[in-house]
Amino acid sequence: MNLKSEAAGGVSPSLSLALFRMGFGILYLHAAWQKAPWVIQDGQPFGWLYDWIWKEINHPTFDWYKAFLQNVFLPNFTFFGYMSFFTEIALGVSLLFGLFTVLGGIGGALWQLNIALGSFSVPGEWVWIWFLLIAPHLVFAQSRAGRCLGIDRLLSDRMADSPAQRTGIAGLLLRFV
């Protein structure tokens, strides 16, 4: 694989994007670890997640989202805590290893949009952080960033070898690598 740009003699954007993608993967794994089920804070599992949900409830951006947090999320906190933990693990693995990066990029953008809906009005939150967390995911998905230094490269090469592998489940998976 040629990692040098022929025109400028520098590093190709795909390598830079792959390293950026991997950094986001590490960010997700770190975030998941902070909200792991065994991390107890103020008597609650899932680290600081419970306190953060209360901050979102006390400083709502949208009343309907506040109602969702109060009436659905908190009564089912254990379920949503596990969902948050495993979603961030899945996003971290996807981006770190370049595995189904299109799906990871779209999922990550939607995940950050969901968080932004509740966190936008929390005091001390920088409003531009949401753009800076959502936009890279869309770039990862659109550019198929897992095809450089990622498992997606191996999968796409293997699945694209035969026209018969472009149909059915293999064809569907090929859309996400």
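Remember, predicted model here, so these are calculated numbers, not experimental data.

Chemist: Where do I start with the pattern of salt bridges in this structure?
Modeler: Under the counting rule described, the total for this entry stands at 1 salt bridge. The partner of Glu-88 in a salt bridge is Lys-35, with the nearest N and O atoms 2.9 Å apart. Of this pair, Glu-88 sits in helix H4 (residues 77-97) while Lys-35 sits in the loop between helix H1 (13-34) and helix H2 (49-58), placing them 53 residues apart in sequence. With a relative accessible area of 4%, Glu-88 lands in the buried category.

Chemist: Can you walk me through the packing of H2 against helix H3 (residues 63-73) in this structure?
Modeler: A pair of packed helices can be characterised by two numbers: the angle between their axes and the separation between those axes. For the pair H2 and H3, interaxial distance at closest approach is 9 Å and the crossing angle is 140°. Here H2 lies oblique to H3, going by the angle between them. As for how H2 packs across H3, the hand of that crossing is left-handed. Residue-level contacts link Leu-49, Ile-53, Glu-56 and Ile-57 of H2 to Tyr-65, Lys-66, Leu-69, Gln-70 and Phe-73 of H3. Of the residues that constitute the contact of H2 with H3, the class distribution is 6 nonpolar, 1 polar and 2 charged.

Chemist: For this particular structure, what's the right way to read a nonpolar patch on the surface?
Modeler: Residues Phe-120, Trp-126, Val-127, Trp-128, Phe-131 and Leu-132 make up a contiguous nonpolar surface patch of roughly 660 Å² in combined accessible area. With respect to the helices and strands, the residue Leu-132 is situated in helix H6 (residues 129-143). Take Leu-132: its relative accessible area is 41%, and that puts it in the partly exposed class.

Chemist: Sorry, what's going on with the packing of aromatic side chains here?
Modeler: For any pair of aromatic rings, the description consists of the separation of the ring centres together with the inter-plane angle of the planes. Scanning all chains against the criterion turns up 19 aromatic pairs. Aromatic side chains Trp-33 and Trp-38 sit 5.3 Å apart centroid to centroid with 70° between the ring planes, which places their arrangement in the edge-to-face category. With respect to class, Trp-33 is no different from Trp-38; both count as exposed. Seen from their ring centres, Phe-79 and Phe-80 are 5.1 Å apart, and the 75° between their planes marks the pair as edge-to-face.

Chemist: Quick question: what am I supposed to make of the side chain of Glu-56 here?
Modeler: One can find Glu-56 in helix H2. Despite its burial, Glu-56 pairs with no opposite charge, the nearest such side chain being Lys-35 at 9.7 Å.

Chemist: Looking at this structure, how should I read the packing of helix H5 (residues 101-119) against H6?
Modeler: Two elements in contact, H5 and H6, have axes whose closest approach is 7 Å; the angle formed by their N-to-C orientations is 165°. Relative to H6, the element H5 is oriented roughly antiparallel. Where H5 crosses over H6, the two elements pack in a sense that is left-handed. Residue-level inspection shows Thr-101, Val-102, Gly-104, Gly-105, Ile-106, Gly-108, Ala-109, Gln-112, Leu-113, Ile-115, Ala-116 and Ser-119 of H5 in contact with H6, the latter providing Trp-130, Leu-133, Ile-134, His-137, Leu-138, Phe-140 and Ala-141.

Chemist: Hey, could you run me through unusual backbone geometry in this one?
Modeler: In the Ramachandran plot, Phe-100 falls in the positive-phi region, its phi being about 50° despite a non-glycine side chain. Note on placement: Phe-100 falls in the loop between H4 and H5. Of the residues examined, Phe-100 reaches a relative accessible area of 25% and is grouped as partly exposed. A positive phi angle, close to 55°, is found at Arg-144, a residue other than glycine. In this structure Arg-144 comes out as partly exposed when scored by relative accessible area, which is 30%.

Chemist: How do you make sense of H2 when you look at a structure like this?
Modeler: Note: α-helices contain 3.6 residues per turn, so residues at a spacing of three or four share the same orientation. Listing the buried residues of H2 in full gives Leu-49, Trp-52, Ile-53, Glu-56 and Ile-57. Looking straight down H2, one finds its buried side chains confined to an arc of 145°; they lie on one side. Buried residues along H2 sit in contact with H3, H4 and H5.

Cut-off values and rules
- Numbering of residues begins from 1 in every chain and follows the order in which that chain's sequence is written.
- Local features in a predicted model are, by the rule used here, given only for residues with pLDDT of at least 70; side-chain atom pairs are given and counted only at 80 or more, and totals for whole chains, interfaces and linings are based on all residues.
- Derived side-chain values reflect all non-hydrogen atoms in the structure, with water molecules and hydrogen atoms excluded from consideration.
- Only one rule defines a salt bridge in this text: a Lys or Arg side-chain nitrogen within 4 Å of an Asp or Glu carboxyl oxygen.
- Helix and strand assignments follow DSSP, with helices taken as H or I runs no shorter than four residues and strands as E runs no shorter than two, numbered in order from the N terminus.
- For every residue, the accessible area obtained with a 1.4 Å probe (protein chains only) is divided by the maximum for its type, and the residue is called buried under 20%, exposed over 50%, and partly exposed between those limits.
- What counts as an axis is a line fitted to C-alpha atoms, over the stretch in contact for a helix, and the angles between N-to-C directions run from 0 to 180 degrees.
- Under this scheme an angle from 65 to 115 degrees is roughly perpendicular, one under 35 degrees roughly parallel, and one over 145 degrees roughly antiparallel; angles in between are oblique.
- Crossings are classed by handedness, with left-handed meaning an anticlockwise turn of the near helix from the far one by less than a right angle and right-handed meaning a clockwise turn.
- In what follows, a contact means two residues having at least one pair of non-hydrogen atoms within 4.5 Å.
- Residues were grouped as follows: Ala, Val, Leu, Ile, Met, Phe, Trp, Tyr, Cys and Pro as nonpolar; Asp, Glu, Lys and Arg as charged; and all remaining residues, including Gly, as polar.
- Here a patch means residues that are over 30% exposed by relative accessible area and free of salt bridges, tied together within 9 Å if like-charged and within 5 Å if nonpolar (Val, Leu, Ile, Met, Phe, Trp, Tyr).
- Where accessible areas are quoted, they stem from the Shrake-Rupley method and a 1.4 Å probe; at the residue level, only the protein chains shown are allowed to cover.
- Pairs were defined over the aromatic rings of Phe, Tyr and Trp, the Trp ring being its six-membered one, requiring ring centres within 6.5 Å. Orientation was assigned from the angle between planes: stacked under 30 degrees, edge-to-face over 60, tilted for the rest.
- His is not counted, nor are the chain ends, whereas Lys and Arg count as positive and Asp and Glu as negative.
- The directions considered for the arc run from the helix axis to the C-beta atoms.

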